[in-house]
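Close look at the chain arrangement
Residue strings, one per chain:
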Amino acid sequence: MADATRGGESAGALTRDQARDRLADLAAALDAANRAYYQDDAPVISDAEFDAIKRDYAAIEARFPDLERPDSPTQQIGAAPAEGFGKITHAQRMLSLANAFDAADVADFVAGIRRYLGLSDTAPLAFTAEPKIDGLSLSLRYETGTLVHAATRGDGVTGENVTANARTIADIPQTLTGAPDLLEVRGEVYMTHADFAALNDRQAQAGGKTFANPRNAAAGSLRQLDAEITRARPLRFFAYSWGDLSEPLAATQMQAIARLAALGFQTNPLTLPCPDVETMLAHYARIEARRATLGYDIDGVVYKLDDLALQARLGLRSTTPRWAIAHKFPAELAWTRLEAIDIQVGRTGALSPVARLTPVTVGGVVVSNATLHNEDYIAGRDARGAPIREGRDIRLGDWVQVYRAGDVIPKIADVDLAKRAPDAVPFAFPTTCPECGSDALREEGDAVRRCTGGLICPAQAVEKLKHFVSRAAFDIEGLGAKQVEAFYTDGWIREPADIFDLRARYGQGLQQLRNREGWGDKSAANLFDAIDDRRRIALGRVIFALGIRHVGEVAAADLARHFGTWPALIDTVDRAAGEPAAQAPDARARKPLLAQSPAWAEITGIDGIGEAVALALTTTLTQGSERASVDRLIAHLDIQPPPARRADGSPVAGKTVVFTGTLEKMTRAEAKARAEALGAKVSGSVSAKTDILVAGPGAGSKAAKAAELGIETLDEDGWLALIGAADG
Ligand code: IVH
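Cut-off values and rules
Residues numbered from 1 in each chain as written. Predicted model: local features only at pLDDT ≥ 70, side-chain atom pairs only at ≥ 80, totals over all residues. Heavy atoms only, no water. Near = heavy atom within 4 Å. Polar contact = N/O pair within 3.5 Å; in protein donor to acceptor, adjacent residues only side chain to side chain. Areas by Shrake-Rupley, 256 points an atom, 1.4 Å probe, with all protein chains shown as cover. Helix = DSSP H or I, 4+ residues; strand = E, 2+ residues; numbered from the N terminus. Nonpolar A, V, L, I, M, F, W, Y, C, P; charged D, E, K, R; others polar. Core = buried A, V, L, I, M, F, W, Y, C linked by side-chain atoms within 4.5 Å. Buried < 20%, exposed > 50% of the residue type's maximum accessible area, 1.4 Å probe, protein only. Salt bridge = Lys/Arg side-chain N within 4 Å of Asp/Glu carboxyl O. Pairing = 2+ DSSP bridges. Axes fitted to C-alpha atoms, helices over the stretch in contact; angles between N-to-C directions. Contact = heavy atoms within 4.5 Å. Parallel < 35°, antiparallel > 145°, perpendicular 65-115°, else oblique. Disulfide = S-S within 2.5 Å.

Focus: the site of the ligand
In the region of the ligand, 14 residues are neighbours, and Glu130, Ile133, Arg153, Glu188 and Tyr240 sit closest. One nitrogen or oxygen atom from the side chain of Arg153 is found 2.8 Å from an oxygen atom belonging to the ligand. One of the side-chain nitrogen or oxygen atoms of Tyr240 is found 3.2 Å away from an oxygen atom of the ligand. Considering the ligand on its own, with 530 Å² of exposed area, one finds that the protein chains cover 90% of that surface. At the level of elements, strand 3 (127–133) and strand 10 (298–305) are the ones that each hand at least two residues to the shell around the ligand. At four residues, the largest contribution of residues to the shell around the ligand is made by strand 3. The residue inventory of the shell around the ligand, partitioned by class, reads eight nonpolar, one polar and five charged.

As structure tokens, then:
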């Protein structure tokens, strides 16, 4: 992605129009990266790539200052808080740090401060140097020594209220003695490498979500709506800064940190006072040398002016203090040989190329595999056909540059054409599935080539079965990913339905199962009991378990809540599949066909369900062999509708409600959850079936349509009054 957005051209070479377009592209790329990182805890590009795009952006903006956009990324920190948490407005903004990438940047930083303060080159000026922890920042507010709330950084102005979660972290004191009456302590929540590895092991064994790196694990663990989950996660906290204070902590940064340590906070032992730039850079080198053995991730060194009175004089830019800077470590890189490209086939048939490398050490870790993303990436272009790596493709036997950017799976950044063998040929990406030989097709607009074999493809079948038994799906005790794979190989289970007649087949002499090592009648009976336990199962789990593309846990729950029963769902899907909208070649062609496609409109009208889900549902569930397999499964099950919410006596029970415009007293997620708890259905679009439209400021076409259809429209207060009466 970064490659796609990094034009490589210097800001000076651009015309105004080109610069405007480029700024828009870069802003969009940064925005997408920010959301992925801060809201979804699932980064799409490395920090180094992010910094590079941001630098490009700043360079163009500096050359064309009048093109500054209202959403300029140079004026922003992070992303707005995610929905689902309460919000806390920080008494003092939580800042970001400017970056330095080399010694010259650090010298410039110090020289700039001297200039600002009117100090000569030789006047003493002390700094501190400390590791930059790669976690997520947290602000803890103590009033008269008691922790009153904890907030994430959010966009720097408003963060998420994670107080209950923060209280579960051992490094965070609940009370302080001898602290100022008002004290906001700021620092970083992080996870050690050992705790991260153990957590991922536990998650994998339980069939749960595993995390890409310790930072994501820390963020995902802190930002849990259920604090009991956070309690079970090994989070730690380093204090390195502060916000609102009723009285100064100390006269210098070093002393202030010592004071925080005395109050009971963990502070980083590698924090060092530095009288000059040479000492700062030497400490940077020392910390970088220890990076691989510290036991937690750091991504640079932070320098801060030591004298707090001088810090106050320097003050802040829009999002960063003038008195501090982060000296980033370069991305961890190494060159090695590409020995082979293996193609793995996933649950939805996606063919994923994996690089097999001559093992090489990258930042203290031996790397022998790396992802190659997809065929375009290998060919040297992005999904839109624009060149990446300046169009250099990757061939077997090439020397390639590998990098790790905090991710568990390393990536390939570049290829050395000078070392390419003269007889090397471009990699021929398979057009048939390497596992089953079926055609592997690439749909228009899809970066991925997919095997069309469906259940006849052993790789897809096994991955589907693993998904089927995973924790959020059928979660059958004693039947995890490993067992399913073994049972598939031995031919006992080919598709989900087979799980449910294992007992019967065993009774009829499924001898191999009996003879399996470590297996006897007793363990078989236990397994069959566990399977029987799961015949009665919630509709949402069944939908999720089918492993349909784009249908994750949340979409499955939304569908279950809307349809209530399997027949209602499948009947609507069957009708939708026959309607004009389902046959449309693309989204644009689909829109005008909606009016003639009532079942399709019903599915896409469910809040949270978009066209991609509707399309995946209709195509997958109406494909002959796939449908037959699903029908065989359904016949074994006693599917339970989603639990009826507290709907008795609620004036909105059974009503279809649409929210539009800005809600000021609650987040969308809250509004939706509350309405559903009262038995209402929440839909994303207004139709004749809508009963109530709740319109906040800025409501547009939906309000107009509701008025046209004569649908009852309430403002937020009106809605609250209505459900408040119901709640009371
Ligand atoms: S000081 C006013 N010190 O880096 C400056 N930040 O890129 C407040 N970070 O938002 C930050 N380690 O989340 C500071 N030793 C450290 C840090 C550190 C990590 C994070 C922090 C900040 C981000 C800026």
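And the narrative resumes.
Points about the nonpolar core
In terms of nonpolar packing, the biggest core is built from 60 residues, with Phe474, Ile499, Leu559, Trp566 and Leu621 touching the most fellow members. Ranked by size, the runner-up nonpolar core spans 35 residues in total, among them Leu147, Phe211, Leu249 and Phe265.

Things to note about the pattern of salt bridges
Tallied over the full model, the rule gives 38 salt bridges. Two residues, Arg561 and Asp558, come together in a salt bridge whose shortest N-O distance is 3.4 Å. You can see Arg561 and its partner Asp558 sitting in helix 20 (residues 553–563), three residues apart, about one turn around the helix. According to the relative accessible area criterion, Asp558 is buried, its value standing at 8%. Put simply, Arg141, Glu143, Glu184, Arg186 and Asp244 are held in one network by salt bridges that share partners.

Quick word on the sheet that holds strand 8 (residues 236–245)
An order of 5-4-7-8 is seen for the four strands of this open sheet, with the pairing classed as antiparallel. In the strand order of this sheet, the two ends are held by strand 5 (146–152) and strand 8, each with one partner. When strand polarity is set aside, the average angle formed by the axes of neighbouring strands in this sheet is 25°. With seven bridges joining them, strand 7 (residues 182–190) and strand 8 adopt antiparallel strand pairing. Note that in strand 8 the partner of Glu188 across the bridge is Phe238. Packed onto the sheet, helix 7 (residues 214–222) meets strand 4 (136–143), strand 5 and strand 7 and runs at close to 40° relative to strand 4.

Here we look at the environment of Tyr142
In this structure, Tyr142 sits in strand 4. In this structure the side chain of Tyr142 is engaged in a polar contact, spanning 2.6 Å, whose partner is the backbone oxygen of Pro173.

As for the environment of Val657
Turning to its location among the elements, Val657 is positioned in strand 21 (residues 656–660). Exposure remark for Val657: the relative accessible area of 0% places this residue in the buried category. Separated by 37 residues in the primary sequence, Val657 and Val694 have C-alpha atoms spaced 7.3 Å apart. Residues within four places of Val657 in sequence aside, it is in contact with Ala680, Lys681, Val682, Ser683, Ile692, Val694 and Trp719.

Some remarks on the packing of helix 21 (residues 566–577) against helix 25 (residues 611–622)
Where helix 21 meets helix 25, the closest approach of the two axes is 9 Å, and the angle between their N-to-C directions is 95°. Put simply, helix 21 runs roughly perpendicular to helix 25. Residues Trp566, Ile570, Val573, Asp574, Ala576 and Ala577 of helix 21 touch helix 25, and the partners they reach there are Leu617, Thr618, Leu621 and Thr622. For the contact of helix 21 with helix 25, the class distribution of residues is seven nonpolar, two polar and one charged.

Let's talk about the state of the cysteines
Using the criterion set out here, one finds zero disulfides in the structure. Free cysteine Cys457: the closest other cysteine sulfur is in Cys433, separated by 3.8 Å.

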